[in-house]
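So the chains spell out like this:
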Amino acid sequence: MATRKSGPLDAMVGARIRMLRVNRGVSQTVLAERIGVTFQQVQKYERGANRVGASRLAQIASVLDVSVGEFFESSRAGPPGLNSPVHLLAEPGAWRVLKDYSRTPSPRVRSCIAKLVESITDRTSATKATVARLNTVDLAERRKFPSRG
């Protein structure tokens with residue numbers, strides 16, 4: 001019997017489960033208890049590590065008070081990309097950041113938060129590029145002047 005591996009669709013469904021669960025304020029433990037699995041199993045579903053069977057998906061939909069179709073809604077546009085809201089919100093900590101951002105009343109502060117995150121990202125990218133460039137130079141220098149050890 002061939003083993004079934006999870007794929008991109010399983011990851012997308014898992015991300016939707018997580019997004020809907022967090023949006024409704026349901027913990028992994030509570031969801032697990034209501035569908036009859038361990039919270040670790042719910043974690044695996046949400047990461048896309050394990051496939052979710054049809055009957056289990058129906059149970060999850062019932063607990064979260066959504067239709068089964070909502071887990072597949074974003075699949076119509078193709079595979080989830082880096083800019084997919086579902087994919088982005090499935091990232092650890094994304095919900096916390098977004099919730100705190102939305103509770104910030106000042107548009108000026110919101111703008112500053114967005115600029116801060118963008119500058120951190122830009123610096124991280126620039127730092128990686130600089131390190132990669134230095135590593136290349138370092139490798140070339142080591143070839144020119146091998147150590148005598």
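Right, let's walk through the structure included here. (Residues numbered from 1 in each chain as written. Predicted model: local features only at pLDDT ≥ 70, side-chain atom pairs only at ≥ 80, totals over all residues. Heavy atoms only, no water.)

## Considering helix 4 (residues 54-64)
Right, on to step 1. Turning to helix 4, its buried residues number three or more, namely Leu-57, Ile-60, Ala-61 and Leu-64. Taken down its axis, helix 4 places every buried residue within 100 degrees of arc, on the same side. The exposed set on the far side of helix 4, more than 90 degrees from its buried face, consists of Ser-55 and Ser-62.
Right, on to step 2. Structurally, helix 4 contributes buried residues whose contacts are with helix 1 (8-23), helix 2 (28-35) and helix 3 (39-47).
Right, on to step 3. Once helix 4 finishes, Asp-65 follows within two positions and takes phi at roughly 60 degrees, a positive value. (Buried < 20%, exposed > 50% of the residue type's maximum accessible area, 1.4 Å probe, protein only. Helix = DSSP H or I, 4+ residues; strand = E, 2+ residues; numbered from the N terminus. Arc of directions from axis to C-beta. Contact = heavy atoms within 4.5 Å.)

## A few points about a nonpolar patch on the surface
Right, on to step 1. Taken together, the side chains of Leu-9, Val-68 and Phe-72 make up a nonpolar region of the molecular surface, amounting to roughly 220 Å² of accessible area.
Right, on to step 2. You can call Phe-72 partly exposed: its relative accessible area is 30%. (Patch = residues over 30% accessible without salt bridge, like charges linked within 9 Å, V, L, I, M, F, W, Y side chains within 5 Å. Areas by Shrake-Rupley, 256 points an atom, 1.4 Å probe, with all protein chains shown as cover. Salt bridge = Lys/Arg side-chain N within 4 Å of Asp/Glu carboxyl O.)

## Digging into the pattern of salt bridges
Where charged atoms from two side chains of opposite charge come close, those side chains can pair.
Right, on to step 1. Enumeration over the complete set of coordinates arrives at four salt bridges.
Right, on to step 2. Note that Arg-51 and Asp-10 form a salt bridge whose closest N and O atoms lie 3.5 Å from each other. In this pair, Arg-51 sits in the loop between helix 3 and helix 4 while Asp-10 sits in helix 1, placing the two residues 41 residues apart along the sequence.
Right, on to step 3. Of the charged contacts, one joins Arg-103 and Asp-100 as a salt bridge, the two residues approaching to 2.5 Å between their closest N and O atoms. Within this pair, Arg-103 and its partner Asp-100 are both found in helix 6 (residues 94-103), separated by three residues, close to a single helical turn.
Right, on to step 4. Judged by relative accessible area, which is 59%, Arg-103 ranks as exposed.

## A word on the packing of aromatic side chains
Right, on to step 1. As enumerated under the stated definition, the model contains zero aromatic pairs in all.
Right, on to step 2. In this structure, Arg-110 packs its charged tip against the face of Tyr-101, placed 5.1 Å from the ring centre. (Phe/Tyr/Trp six-rings, centres within 6.5 Å; stacked < 30°, edge-to-face > 60°. Lys NZ or Arg CZ within 6 Å of the ring centre and 35° of its normal.)

## With respect to the packing of helix 2 against helix 3
Right, on to step 1. The contact between helix 2 and helix 3 brings their axes to 8 Å, and the two run at 105 degrees. Considering their axes alone, helix 2 and helix 3 lie roughly perpendicular with respect to each other. Counting all contacts with helix 2, which are made through Gln-28, Thr-29, Leu-31, Ala-32 and Ile-35, the residues of helix 3 involved are Phe-39, Val-42, Gln-43, Tyr-45 and Glu-46.
Right, on to step 2. For the contact of helix 2 with helix 3, the per-class residue count stands at six nonpolar, three polar and one charged. (Axes fitted to C-alpha atoms, helices over the stretch in contact; angles between N-to-C directions. Parallel < 35°, antiparallel > 145°, perpendicular 65-115°, else oblique. Nonpolar A, V, L, I, M, F, W, Y, C, P; charged D, E, K, R; others polar.)

## Considerations on the nonpolar core
Right, on to step 1. Ranked by internal contacts, the top residues of the largest apolar core, which has 18 residues, are Ile-17, Leu-31, Ile-35, Ile-60, Leu-64 and Phe-71.
Right, on to step 2. Where this core is concerned, the elements lending two or more residues are helix 1, helix 2, helix 3 and helix 4.
Right, on to step 3. In this structure, Leu-31 is in contact with Ile-17, Arg-21, Val-26, Val-42, Ile-60 and Val-63, ignoring residues within four places of it in sequence. (Core = buried A, V, L, I, M, F, W, Y, C linked by side-chain atoms within 4.5 Å.)

## Looking at unusual backbone geometry
Right, on to step 1. Phi at Asp-65 takes a positive value of approximately 60 degrees, unusual for a residue other than glycine.
Right, on to step 2. Tracing the backbone shows Asp-65 in the loop between helix 4 and helix 5 (85-89).
Right, on to step 3. On the accessibility criterion, Asp-65 (67% relative accessible area) is exposed.

## Describing helix 1
Right, on to step 1. Between its first and last C-alpha atoms helix 1 spans 22 Å; for 16 residues at 1.5 Å apiece the expected length is 22 Å, and the two agree.
Right, on to step 2. Asp-10, Met-12, Val-13, Gly-14, Ala-15, Arg-16, Ile-17, Arg-18, Met-19, Leu-20 and Arg-21 are the residues of helix 1 that are buried.
Right, on to step 3. Trailing helix 1 by a residue or two, Gly-25 shows a phi angle of about 70 degrees, which is positive. (Expected span 1.5 Å × (residues − 1).)

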